[in-house]
Amino acid sequence: QQPVQSPQAVILREGEDAVINCSSSKALYSVHWYRQKHGEAPVFLMILLKGGEQKGHEKISASFNEKKQQSSLYLTASQLSYSGTYFCGTGSGNTPLVFGKGTRLSVIA
Amino acid sequence: SAVISQKPSRDICQRGTSLTIQCQVDSQVTMMFWYRQQPGQSLTLIATANQGSEATYESGFVIDKFPISRPNLTFSTLTVSNMSPEDSSIYLCSVEGGVGPRSYTFGSGTRLTVV
């Protein structure tokens with residue numbers, strides 16, 4: 001079952017914050033976050049395995065609420081380099097990842 | 001983390017022909033995954049390729065259209081057969097093994113245009 005991401009797109013000015021959400025109707029074992037720049041392959045940002053645990057990558061962090069089957073990606077003090085499409089991928093044990101439709105983030109000067 | 005070499009990076013093909021995409025990994029991996037990404041869309045899993053066994057295809061994808069080979073633990077090919085313009089997409093291979101635990105690394109992708 002494909003996870004649902006919101007918003008579909010967001011435009012930020014440098015230094016602003018954003019939150020991207022990912023939810024699933026299925027119980028989740030893990031949530032993965034990837035960023036894909038135009039014309040490039042997706043790049044791994046982080047994985048969350050436990051409920052409520054936050055992980056961090058530079059000024060990007062994420063949370064995972066097992067009970068609500070949701071994850072949120074937090075981008076603080078955004079930089080131009082943050083622009084791209086963010087995908088969440090959900091997994092259940094050893095099954096391959098199923099990706100959401102993506103959130104297109106544009107950071108402008 | 002695993003490094004994947006995928007080729008070709010792009011191709012323009014005539015309808016009705018076939019294209020074989022190759023992925024070479026710099027370490028041995030049990031499973032390799034093949035994804036399709038249509039323009040501006042998400043990544044859709046085509047199949048999972050295990051060495052020494054038939055690939056497992058997702059709903060909507062069949063072996064006759066997307067035959068996969070997995071001759072050893074570092075290499076796999078995906079063939080797009082009897083192509084039509086609807087097959088125009090980016091095709092990516094992926095393996096588990098990246099910068100973090102249970103992260104996945106992707107090849108650089110093959111951008112296919114069918115005319």
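First things first, this report covers the structure right here in the doc. If you're wondering where the values come from, they're calculated on a predicted model, not measured in any experiment.

The rules behind the values
Residues numbered from 1 in each chain as written. Chains lettered and ligands numbered in written order. Predicted model: local features only at pLDDT ≥ 70, side-chain atom pairs only at ≥ 80, totals over all residues. Heavy atoms only, no water. Contact = heavy atoms within 4.5 Å. Buried area = accessible area lost by both parts, 1.4 Å probe. Salt bridge = Lys/Arg side-chain N within 4 Å of Asp/Glu carboxyl O. Helix = DSSP H or I, 4+ residues; strand = E, 2+ residues; numbered from the N terminus. Nonpolar A, V, L, I, M, F, W, Y, C, P; charged D, E, K, R; others polar. 1 Å grid on protein atoms, 1.4 Å probe; cavity = no way out; pocket = protein on both sides within 12 Å on 5 of 7 lines; lining within 4 Å. Points joined across faces, edges and corners; volume = space filled by probe spheres on them. Core = buried A, V, L, I, M, F, W, Y, C linked by side-chain atoms within 4.5 Å. Buried < 20%, exposed > 50% of the residue type's maximum accessible area, 1.4 Å probe, protein only. Disulfide = S-S within 2.5 Å.

### Examining the interface of chain B and chain A
Link 1 in the chain: Listed per partner, the contact involves 21 residues of chain B and 20 residues of chain A.
Link 2 in the chain: Here chain B packs against chain A, burying approximately 1,600 Å² in sum over the two surfaces, 62% of which is carbon and sulfur.
Link 3 in the chain: The interface formed by chain B and chain A holds zero salt bridges in total.
Link 4 in the chain: At the level of elements, strand 4 (31-37), strand 5 (44-50) and strand 10 (104-106) of chain B are the ones that each hand at least two residues to the side of chain B that touches chain A.
Link 5 in the chain: For the side of chain B that touches chain A, the leading source of residues is strand 4 of chain B, giving four residues.
Link 6 in the chain: Residue composition of the side of chain B that touches chain A, grouped by class: ten nonpolar, nine polar and two charged.

### Some remarks on the layout of surface pockets
Link 1 in the chain: Space inside the largest pocket adds up to approximately 690 Å³.
Link 2 in the chain: Along the walls of the largest pocket sit 33 residues, with Gln36 and Thr85 of chain A together with Gln37, Gly40 and Gln41 of chain B positioned nearest its centre.
Link 3 in the chain: Counting only elements with at least two residues in the lining of the largest pocket, the list comes to strand 1 (4-6), strand 9 (84-91) and strand 11 (103-108) of chain A together with strand 9 (89-96) and strand 11 (110-114) of chain B.
Link 4 in the chain: Considered class by class, the residues forming the lining of the largest pocket number eight nonpolar, 19 polar and six charged.
Link 5 in the chain: Taken as a whole, the second largest pocket encloses approximately 200 Å³ of empty space.
Link 6 in the chain: In this structure, the second largest pocket is lined by 14 residues; those nearest its centre are Val98 and Phe99 of chain A together with Leu43, Thr44 and Leu45 of chain B.
Link 7 in the chain: Going through the elements one at a time, strand 10 (98-99) of chain A together with strand 5 of chain B are the ones with two or more residues in the lining of the second largest pocket.

### Here's the deal with the nonpolar core
Link 1 in the chain: Formed by 26 residues in total, the largest nonpolar core has its most connected members in Trp34, Ile46, Phe66, Ile68, Leu78, Tyr91 and Leu112 of chain B.
Link 2 in the chain: If near-sequence neighbours (up to four positions away) are discounted, Ile46 of chain B is found in contact with Trp34, Tyr35, Arg36, Thr56, Tyr57, Glu58, Phe61, Phe66, Leu78 and Tyr91 of chain B.
Link 3 in the chain: Listed in part, the 20 residues of the second largest apolar core include Leu28, Trp33, Phe64 and Leu105 of chain A.

### What to know about the state of the cysteines
Link 1 in the chain: All chains considered together, the criterion is met by two disulfides over all chains.
Link 2 in the chain: In this model, Cys22 of chain A is linked to Cys88 of chain A through a disulfide, with the two sulfur atoms separated by 2.0 Å. Residues Cys22 of chain A and Cys88 of chain A are joined through a disulfide that is right-handed, its torsion about the S-S bond being 75°. One end of the pair, Cys22 of chain A, is in strand 3 (residues 18-23); the other, Cys88 of chain A, is in strand 9, with 66 residues separating them in the sequence.
Link 3 in the chain: The exposure class assigned to Cys88 of chain A is buried, which follows from its relative accessible area of 0%.
Link 4 in the chain: Put simply, Cys23 of chain B and Cys93 of chain B are joined by a disulfide, and their sulfur atoms are 1.8 Å apart. Residues Cys23 of chain B and Cys93 of chain B are joined through a disulfide that is left-handed, its torsion about the S-S bond being -90°. With Cys23 of chain B in strand 3 (residues 19-25) and Cys93 of chain B in strand 9, the pair connects residues that are 70 residues apart, well separated along the chain. Of the two residues examined, Cys23 of chain B and Cys93 of chain B, each falls in the buried class.

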